[in-house]
Amino acid sequence: MSEHHLHPAPQDTASFEAAAQLFKYLSDPTRVRIFWLLSHEEECVINLAALLEMSSPAVSHHLRVLKDSGLLSSRREGREVYYRAADTPQSRLLHEMIEQVMDVACPQWREEAEQVKTIREIHDHLTEHMEQRVTIEELARQYLINPTTLKTVFKEVYGSSLAAHMKEHRMEKAAALLRETDMSVAEIAGQVGYESQSKFTAAFKEQFGLLPTAYRRT
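Residues numbered from 1 in each chain as written. Predicted model: local features only at pLDDT ≥ 70, side-chain atom pairs only at ≥ 80, totals over all residues. Heavy atoms only, no water.

(A) Quick look at the overall build of the chain. For the chain, the helix and strand inventory stands at 12 helices and three strands. With 218 residues in all, the chain has 38% of them scored as buried. Here the analysis covers contacts within the chain between residues at least 6 apart in sequence; of these, 58% occur between residues at least 24 apart. Of the accessible surface of the chain, which amounts to about 13300 Å², a share of 51% is contributed by carbon and sulfur atoms. (Helix = DSSP H or I, 4+ residues; strand = E, 2+ residues; numbered from the N terminus. Buried < 20%, exposed > 50% of the residue type's maximum accessible area, 1.4 Å probe, protein only. Contact = heavy atoms within 4.5 Å. Areas by Shrake-Rupley, 256 points an atom, 1.4 Å probe, with all protein chains shown as cover.)

Written out as structure tokens, the structure reads:
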């Protein structure tokens, strides 16, 4: 085959239209921001909306356009859908081109993306070790993040303060242990990070409207 046939001919308008359409998908600056961010990490609509300070419906619209273009891939985890840049030559090339064009702006975005990644690591650690009580200051030292930034970004990503979010997780785990095990209330309190059974009982009643013993009977 000659070299001439390896490339589209100038008259092959369909190929050039396809290329133009691909660039059209990235003609919106917000869409470029979303695509760039998803080239570095996987995110769901809620987290993207918080990071971009946009409404979830607006972010969803841009995600649909990018997904239809083939530039994004997605996966479902429970009720949440997570997006990331597609693992294709076109996506990788566009990502590289964007970084070359906006070389000055990249560090700020990379810092924000790293902050979200750190917050997700902190969240995963806390939910996997609910029997432990760790302060904001201790987490900040462990994960090398400013305490104020930790609290701010955590609330942006998860929609509530770290303390309120973890209390909800603790109570949900406690309810599951009451339903599914024969552990004593004191043992369950320790499993979800309460040294005092009375404080655990009060928190559980506040969450579910029942004492732990009554919840187990029902």
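More follows now that the structure is in view.
(B) The packing of helix α2 (residues 29-38) against helix α5 (residues 89-101), seen in detail. Close contact between α2 and α5 brings their axes to 10 Å; oriented N to C, the two are set at 110°. Considering their axes alone, α2 and α5 lie roughly perpendicular with respect to each other. The way α2 lies across α5 gives a crossing that is left-handed. Across from V32, F35 and W36 in α2, the residues of α5 making contact are S91, L94, H95, I98 and E99. (Axes fitted to C-alpha atoms, helices over the stretch in contact; angles between N-to-C directions. Parallel < 35°, antiparallel > 145°, perpendicular 65-115°, else oblique. Left-handed = near helix turned anticlockwise from the far one by under 90°.)

(C) View of the nonpolar core. Judged by nonpolar contacts, the single largest core of 39 residues is most densely connected at L26, F35, V59, L63, I122, L150 and L162. No other element matches α2, which puts six residues into this core. Those residues in contact with L150 that sit more than four places away from it in its chain are I119, I122, I136, L139, A140, I145 and L162. Formed by 14 residues, the second largest nonpolar core is a distinct cluster that contains A175, L177, A189 and A203. (Core = buried A, V, L, I, M, F, W, Y, C linked by side-chain atoms within 4.5 Å.)

(D) Molecular detail of a negative patch on the surface. A surface patch of like charges, here negative, comprises E114, E121, D124 and E128. Relative to the assigned elements, E128 resides in helix α6 (residues 106-128). (Patch = residues over 30% accessible without salt bridge, like charges linked within 9 Å, V, L, I, M, F, W, Y side chains within 5 Å. Salt bridge = Lys/Arg side-chain N within 4 Å of Asp/Glu carboxyl O. Lys, Arg positive; Asp, Glu negative; His and termini not counted. Charge placed at Lys NZ, Arg CZ, Asp CG, Glu CD.)

(E) Inspection of α5 at higher detail. Between its terminal C-alpha atoms α5 stretches 18 Å, which fits the 18 Å expected from 13 residues at 1.5 Å a residue. Among all positions in α5, only S91, L94, H95, I98 and E99 are buried. All buried residues of α5 fall inside an arc of 135° around its axis, so they share one side. The exposed residues of α5 that point more than 90 degrees off its buried face are P89, L93, Q100 and V101. (Expected span 1.5 Å × (residues − 1). Arc of directions from axis to C-beta.)

(F) Region of interest: the sheet that holds strand β1 (residues 43-44). Across the sheet, which stays open at both edges, the three strands sit in the order β1-β3-β2 with antiparallel pairing between neighbours. Looking at which strands have only one partner, the edges of the open sheet turn out to be β1 and β2 (72-77). Of the pairings in the sheet, the one linking β1 to strand β3 (residues 80-85) comprises two bridges and is antiparallel in character. Paired with E43 across the two strands is Y83, which belongs to β3. Each of β1, β2 and β3 touches α2; the most contacted strand, β3, lies at about 90° to it. (Pairing = 2+ DSSP bridges.)

(G) Spatial organisation of the packing of aromatic side chains. Inspection of every chain in the model, using the stated rule, returns six aromatic pairs. Taking 5.3 Å as the distance between ring centres and 80° as the angle between the ring planes, the aromatic pair formed by F204 and Y215 counts as edge-to-face. One end of the pair, F204, is in helix α11 (residues 197-208); the other, Y215, is in helix α12 (residues 212-217), and 11 residues separate them in sequence. A relative accessible area of 16% means that Y215 is categorised as buried. Between F208 and Y215, the ring centres sit 5.4 Å apart and the planes meet at 50°, which makes this aromatic pair tilted. Using a relative accessible area of 27% as the deciding quantity, one classes F208 as partly exposed. By way of ring pairs, the aromatic residues Y194, F200, F204, F208 and Y215 are connected into one cluster. (Phe/Tyr/Trp six-rings, centres within 6.5 Å; stacked < 30°, edge-to-face > 60°.)

(H) Local environment of the pattern of salt bridges. Inspection of every chain in the model, using the stated rule, returns five salt bridges. Notably, a salt bridge pairs E43 with R120, separated by 3.0 Å at the nearest N-O pair. Of the two residues, E43 sits in strand β1 while R120 sits in helix α6, which places them 77 residues apart along the sequence. Taking the relative accessible area as the measure of exposure, E43 reaches 1% and is therefore buried. Put simply, E206 and K167 hold a salt bridge, and the shortest N to O gap is 3.1 Å. Here the residue E206 occupies a position in helix α11, and K167 occupies one in helix α9 (residues 162-180), the gap between them amounting to 39 residues. Relative accessible area serves as the criterion here: at 62%, E206 is assigned to the exposed category. Several salt bridges share partner residues, and in doing so they unite E42, R75 and E77 into one network.

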